[in-house]
Amino acid sequence: MGDDGRRAGPARPFHERVNQERIKRGWTQLKLAEQSGVDRATIHRMRAAKPQPDTVFALAATLGIDRDEALRLAGLVPGRVGGQGESVPALAEDPEIEELLAKLPARRRAILEQFRDSERDRVRRLQEQAEAEAAEAGRRFKELVRVEVEESE
């Protein structure tokens, strides 16, 4: 089906990826809903609205999509869609470090650059996990406030 003229939501890239993986498996939307435990209407709404992290995790696990990538595609964490996230400030390019690395033999430089890259990835994963947990905490707090309002009425 073509674009219906509505503005694409922040999770549209994740919705599209989910559809690609679903179609690859020959599944209907109903089959995906059954396999993932995510309501079919919720899956459809991702075209226009940001899903909850638990929805993203359930679909990603069912379809074999990397969790970090799924969170980025769903617009739940910063980063460029489909690519590496933004650089981590503590491990950003530092001219002094680059100058020192340039003085090393290629083999030693490559080892240190590989270490820096793995540390950047580790910090990025920690940031993404913290953001997902913050979103979950916000959801839980909102529910608590709703309950308190209902009980006070």
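**Some words on the overall build of the protein chain**
Line of reasoning, step 1. Each helix and strand in the protein chain was counted, giving 7 helices and 0 strands.
Line of reasoning, step 2. Secondary structure elements of the protein chain occur, N-terminal to C-terminal, as α-α-α-α-α-α-α.
Line of reasoning, step 3. Contacts in the protein chain between residues at least 24 apart in sequence constitute 63% of all its contacts with a sequence separation of at least 6.
Line of reasoning, step 4. Summing over all exposed atoms, the protein chain offers an accessible surface of approximately 10,400 Å²; the carbon and sulfur share of this is 52%.

**Observations concerning the pattern of salt bridges**
Line of reasoning, step 1. Scanning the model with the defined rule gives 13 salt bridges in all.
Line of reasoning, step 2. For Glu 21, the salt bridge identified is with Lys 24, shortest N-O distance 3.2 Å. Taken together, the residues span about one helical turn, with Glu 21 and Lys 24 both in helix 1 (residues 12–24) at a distance of 3 residues.

**Some thoughts on the packing of aromatic side chains**
Line of reasoning, step 1. For the structure on display, the rule yields 0 aromatic pairs.
Line of reasoning, step 2. Positioned above the aromatic ring of Trp 27 is the side chain of Arg 25, whose terminal nitrogen or guanidinium carbon lies 5.8 Å from the ring centre.

**Some remarks on the packing of helix 1 against helix 4 (residues 53–63)**
Line of reasoning, step 1. Between helix 1 and helix 4, the shortest axis-to-axis distance is 10 Å and the interhelical angle comes to 30°. On the basis of the axis angle, helix 1 is roughly parallel to helix 4. With respect to the hand of their crossing, helix 1 and helix 4 are arranged in left-handed fashion. Along its contact with helix 1, which presents Phe 14, Val 18, Glu 21 and Arg 22, the element helix 4 presents Val 56, Leu 59, Ala 60 and Leu 63.
Line of reasoning, step 2. Counted by class, the contact of helix 1 with helix 4 contains 6 nonpolar, no polar and 2 charged residues.

Thresholds applied
- Residues numbered from 1 in each chain as written.
- Predicted model: local features only at pLDDT ≥ 70, side-chain atom pairs only at ≥ 80, totals over all residues.
- Heavy atoms only, no water.
- Helix = DSSP H or I, 4+ residues; strand = E, 2+ residues; numbered from the N terminus.
- Contact = heavy atoms within 4.5 Å.
- Areas by Shrake-Rupley, 256 points an atom, 1.4 Å probe, with all protein chains shown as cover.
- Salt bridge = Lys/Arg side-chain N within 4 Å of Asp/Glu carboxyl O.
- Phe/Tyr/Trp six-rings, centres within 6.5 Å; stacked < 30°, edge-to-face > 60°.
- Lys NZ or Arg CZ within 6 Å of the ring centre and 35° of its normal.
- Axes fitted to C-alpha atoms, helices over the stretch in contact; angles between N-to-C directions.
- Parallel < 35°, antiparallel > 145°, perpendicular 65-115°, else oblique.
- Left-handed = near helix turned anticlockwise from the far one by under 90°.
- Nonpolar A, V, L, I, M, F, W, Y, C, P; charged D, E, K, R; others polar.

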